[in-house]
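As a plain string of letters, each chain reads:
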2 protein chains.
Amino acid sequence: MKLYIVSIGPGGTDTMTPRAARAIADSSVVAGYGVYLDLITQLTAGKELISSPMTRERERCEAARDRALAGETVSIVSSGDAGVYGMAGLALEVCREHPELELEVIPGVTAATGAAAVLGAPLMHDFAVISLSDLLTPWETIEKRVRLAAEADFVLCVYNPGSVKRAGHLRRACDIMLQSKSPDTPCGTVRNIGRDGEEANVLTLAELADTKVDMFTTVIVGNNRTRVINGKLVTPRGYENK
Amino acid sequence: MKLYIVSIGPGGTDTMTPRAARAIADSSVVAGYGVYLDLITQLTAGKELISSPMTRERERCEAARDRALAGETVSIVSSGDAGVYGMAGLALEVCREHPELELEVIPGVTAATGAAAVLGAPLMHDFAVISLSDLLTPWETIEKRVRLAAEADFVLCVYNPGSVKRAGHLRRACDIMLQSKSPDTPCGTVRNIGRDGEEANVLTLAELADTKVDMFTTVIVGNNRTRVINGKLVTPRGYENK
């Protein structure tokens, strides 16, 4: 009767907390998107696995809930932090009618801070996290958020910056940011954070607008004080120097 | 000649990644604020420790850098994620003149996702992270960010919401948010995330405005779709239901 929603971090088990690993070890059933289950095979030997494609999240959560209601200890695993565009919300929603079920969300390293660490220290001051996926959010809402976040001079961290279906989204977001931010604003991209083939680039906002990215990439756009120091992005912690 | 900037997560070693623990194990010198070093004493036995009060961050980073330049492997530890209002930026800045120094930032669980997990799943959609500390940032800048983030309907995660010196900051921030958000907006506070005495509360934005908080508290304010389900905050992942 216990359902864990477990954040496995952006990479393999090296960026997963002991608390997360223990929850999986305690579980007899582990549910997740196949690609994520593949990252943690050494933790799931002998366990019942519930795997399903990317778009079948609700069915997967319901199946996991039903195994927990049947008396099993179940982990739903989610890449990065389960609470950031992950499975935590859906898992809590599908358990709405079952307050008797013990639920525990275990936090992890999300792509924003994972990418930031690769790039240096761009998120040292106030920042906003925005997904450019309009699968579940109207594009007008996304544009408004990009515009207001840029006007507020937040550092921006962009999830789901592009895909085959969303070609041009990053370009449009950059064009909006360029209305209130300098084209020289330091930016960075990180692909495959913490995984094989991790790639990072530091570039300007003007260059970013012309960059092709895919769904495995996280993008960070600096604020008006972000600088490049020895190839790394650094946002000062405050506006005055102590 | 190696300097790690190590995120130790919001609590003790249970929320620290294996990669972070290994960096500390590999180091002969560990630098950090005393309270954070106390959370990881089992990892630092026999190591040289550089500890200094909260306000002496620059001196601490410089001392750590100098030990690395002298040939030691050094870890600067930082609570939560070192790249979010932590030590990563300052560490990279004080190493500006030493590109020969190998620097590695190791990400961790930040208070935003740590608090979100305790409260349920409030950060499931676009969110902004704002510190209410005006120690290094003009209060006008903070107010502008709070106002625009609320207008953009970001979920807000507030760091440093209050202290003895900053009594009234959260109240002022809530009053700004109430100009564009419903007083019934579900909110949450978490004190001592992942540590002894962890305390969480779910309340409305109107109630939050009248709540006293201290510097050990992280505050989350929902967006216009955030709901309370079985006592937990849940923000739906998108604006349409699949």
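Keep in mind the model is a prediction, meaning the values are calculated, not measured.

Colleague: Please clarify how the overall build of chain A should be interpreted in this entry.
Modeller: Summing up its helical and strand segments, chain A has eight helices and 13 strands in all. On the principal axes, the C-alpha backbone points of chain A span a range of 55 × 35 × 35 Å. Each of the 242 residues in chain A was classed as buried or not, and the buried ones make up 58%. A sequence separation of at least 24 residues applies to 69% of the contacts in chain A between residues at least 6 apart. Within the structure as shown, chain A displays about 9,200 Å² of accessible surface, and the carbon and sulfur contribution to it stands at 49%. Taken together, the 26 basic and 30 acidic charged side chains of chain A have centroids lying 3 Å from each other.

Colleague: Can you walk me through the packing of aromatic side chains in this structure?
Modeller: One pair of aromatic rings is described through two measures. These are the centre distance and the angle between the planes. A complete count under the given rule lists four aromatic pairs over all chains for this structure. Between tyrosine 33 of chain B and tyrosine 36 of chain B, the aromatic rings sit 5.1 Å apart at their centres with planes inclined by 80 degrees, giving edge-to-face as the arrangement. Plain terms: the ring middles of tyrosine 85 of chain B and tyrosine 159 of chain B are 5.1 Å apart, the flat faces sit at 50 degrees to each other, and that makes the pair tilted. With tyrosine 85 of chain B in the loop between strand E4 (73-78) and helix H4 (88-94) and tyrosine 159 of chain B in strand E8 (residues 155-159), this residue pair connects regions lying 74 residues apart in the sequence. Residue tyrosine 85 of chain B shares its accessibility class with tyrosine 159 of chain B, and that shared class is buried. Taking the ring centre of phenylalanine 154 of chain B as reference, the NZ or CZ of arginine 145 of chain A above it sits at 5.8 Å.

Colleague: Would you take a moment to explain the nonpolar core for this structure?
Modeller: Nonpolar side chains in soluble globular proteins tend to be buried together. By size, the foremost hydrophobic cluster in this structure holds 52 residues, and its most contacted members are Leu132, Phe154 and Leu208 of chain A together with Leu132, Phe154 and Leu208 of chain B. Not counting residues within four places of it along the chain, the set of residues in contact with leucine 208 of chain B comprises Leu170, Cys174, Cys187, Thr189, Leu203, Val219 and Val221 of chain B. Within the second largest apolar cluster, 34 residues are counted, among which are Ala116 and Val129 of chain A together with Val155 and Ile193 of chain B.

Colleague: Which parts of the structure should I look at to understand the pairing of E4 of chain B?
Modeller: Across a regular strand the side chains alternate sides, sitting on one face of the sheet and then on the other. All names here are of chain B. Where burial is concerned, most of E4 is hidden: five out of the six residues are buried. Of the pairings in the sheet, the one linking strand E1 (residues 2-7) to E4 comprises six bridges and is parallel in character. In the sheet register, tyrosine 4 faces E4, and the bridge partner there is serine 75. Sheet analysis places strand E2 (residues 29-33) next to E4, joined by three bridges and oriented parallel. Across the sheet, residue valine 29 finds its bridge partner in E4, namely valine 74.

Colleague: I'm lost on the relation of the copies chain A and chain B in this one. Help?
Modeller: What relates the pair of chain copies is a rotation about an axis plus a shift along that axis. For the pair chain A and chain B, the best superposition has an RMSD of 0.0 Å and corresponds to a rotation of 180 degrees with a translation of 0.0 Å parallel to the axis. Here the copies are linked by what is in effect a two-fold axis.

Colleague: What is the right way to look at the packing of helix H6 (residues 139-151) of chain A against helix H7 (residues 169-177) of chain A in this model?
Modeller: Two quantities define a packed helix pair, namely the angle between the axes and the distance from one axis to the other. Residues and elements named next belong to chain A. Remark: H6 packs on H7, axes separated minimally by 9 Å, with the N-to-C direction vectors making an angle of 40 degrees. As far as their axial angle goes, H7 and H6 are oblique. Here the hand of the crossing between H6 and H7 comes out right-handed. Each of Trp139, Glu143, Val146, Arg147 and Ala150 in H6 lies in contact with H7, whose residues at this interface are His169, Arg172, Ala173, Ile176 and Met177. When its residues are assigned to classes, the contact of H6 with H7 shows six nonpolar, one polar and three charged.

Colleague: Explain helix H5 (residues 111-119) of chain A to me, please; I cannot follow it from the model alone.
Modeller: For an α-helix, 3.6 residues make a turn, and residues three or four places apart therefore share a direction. All names here are of chain A. H5 sits mainly inside the fold: eight of its nine residues count as buried. Within the span of H5, buried status applies to Ala111, Ala112, Thr113, Gly114, Ala115, Ala116, Ala117 and Leu119. Of the residues trailing H5, glycine 120 is marked for its positive phi of about 130 degrees.

Colleague: Would you explain the domain arrangement of chain A in this entry?
Modeller: When the parts come together, some accessible area is lost, and that loss is often what is quoted as the size of the interface. Residues and elements named next belong to chain A. On domain assignment, one finds that chain A holds domain 1 (2-106) and domain 2 (111-234). Averaged C-alpha coordinates put domain 1 and domain 2 at centres separated by 28 Å. With nine residues of domain 1 at the interface, the matching set in domain 2 holds eight residues. With both chains or domains summed, domain 1 and domain 2 bury close to 640 Å², and 62% of this area falls on carbon and sulfur atoms. On the domain 1 side of the interface with domain 2, the three residues burying the most area are Pro10, Val84 and Tyr85, jointly 64% of the side's total. There are zero salt bridges connecting domain 1 and domain 2. Across the contact surface, domain 1 and domain 2 share four residue pairs in polar contact (both at pLDDT 80 or more). Split by residue class, the side of domain 1 that touches domain 2 holds six nonpolar, three polar and no charged.

Colleague: What is the right way to look at the packing of H6 of chain A against helix H6 (residues 139-151) of chain B in this model?
Modeller: The geometry of H6 of chain A relative to H6 of chain B is characterised by a closest axis approach of 9 Å and an angle of 180 degrees between their N-to-C directions. The pairing of H6 of chain A with H6 of chain B is recorded here as roughly antiparallel in orientation. Each of Lys144, Leu148 and Glu151 of chain A in H6 of chain A lies in contact with H6 of chain B, whose residues at this interface are Lys144, Leu148 and Glu151 of chain B. Class assignment for the residues of the contact of H6 of chain A with H6 of chain B results in two nonpolar, no polar and four charged.

Colleague: I tried to follow the sheet that holds strand E13 (residues 232-234) of chain A on my own but got confused; where do I start?
Modeller: Paired through their backbone hydrogen bonds, the strands of a sheet run either parallel or antiparallel. Residue and element names in this part refer to chain A. The strand order E6-E13-E12 describes an open sheet built from three strands, whose pairing is mixed. Here the strands that pair on one side only, and so sit at the sheet edges, are strand E6 (120-121) and strand E12 (227-229). Across three bridges, E12 lies against E13 in antiparallel orientation. Counted as the bridge partner of isoleucine 229 is lysine 232 from E13.

Colleague: Sorry, what's going on with the interface of chain A and chain B here?
Modeller: With 67 residues of chain A at the contact, the number on the chain B side is 67 residues. Of the roughly 5,900 Å² buried between chain A and chain B, counting both surfaces, carbon and sulfur atoms make up 58%. Here chain A is connected to chain B by six salt bridges. In this structure, the salt-bridge partner of arginine 145 of chain A is aspartate 153 of chain B, at a minimum N-O distance of 3.8 Å. Applying the counting rule to chain A against chain B returns 30 residue pairs in polar contact (both at pLDDT 80 or more). Going through the elements one at a time, helix H1 (18-26), helix H4 (88-94), H5, E6, strand E7 (127-131), H6 and E13 of chain A are the ones with two or more residues in the side of chain A that touches chain B. Classifying every residue of the side of chain A that touches chain B by side-chain character gives 33 nonpolar, 18 polar and 16 charged. Bridge analysis of E7 of chain A against strand E7 (residues 127-131) of chain B gives three bridges, and the strand direction is antiparallel. Across the sheet, alanine 128 of chain A pairs through a bridge with alanine 128 of chain B, a residue of E7 of chain B.

So, how was this worked out
- Residues numbered from 1 in each chain as written.
- Chains lettered and ligands numbered in written order.
- Predicted model: local features only at pLDDT ≥ 70, side-chain atom pairs only at ≥ 80, totals over all residues.
- Heavy atoms only, no water.
- Helix = DSSP H or I, 4+ residues; strand = E, 2+ residues; numbered from the N terminus.
- Buried < 20%, exposed > 50% of the residue type's maximum accessible area, 1.4 Å probe, protein only.
- Contact = heavy atoms within 4.5 Å.
- Areas by Shrake-Rupley, 256 points an atom, 1.4 Å probe, with all protein chains shown as cover.
- Lys, Arg positive; Asp, Glu negative; His and termini not counted.
- Charge placed at Lys NZ, Arg CZ, Asp CG, Glu CD.
- Phe/Tyr/Trp six-rings, centres within 6.5 Å; stacked < 30°, edge-to-face > 60°.
- Lys NZ or Arg CZ within 6 Å of the ring centre and 35° of its normal.
- Core = buried A, V, L, I, M, F, W, Y, C linked by side-chain atoms within 4.5 Å.
- Pairing = 2+ DSSP bridges.
- Least-squares fit on C-alpha atoms with pLDDT ≥ 70 in both.
- Axes fitted to C-alpha atoms, helices over the stretch in contact; angles between N-to-C directions.
- Parallel < 35°, antiparallel > 145°, perpendicular 65-115°, else oblique.
- Left-handed = near helix turned anticlockwise from the far one by under 90°.
- Nonpolar A, V, L, I, M, F, W, Y, C, P; charged D, E, K, R; others polar.
- Domains from an automatic or database assignment.
- Buried area = accessible area lost by both parts, 1.4 Å probe.
- Salt bridge = Lys/Arg side-chain N within 4 Å of Asp/Glu carboxyl O.
- Polar contact = N/O pair within 3.5 Å; in protein donor to acceptor, adjacent residues only side chain to side chain.

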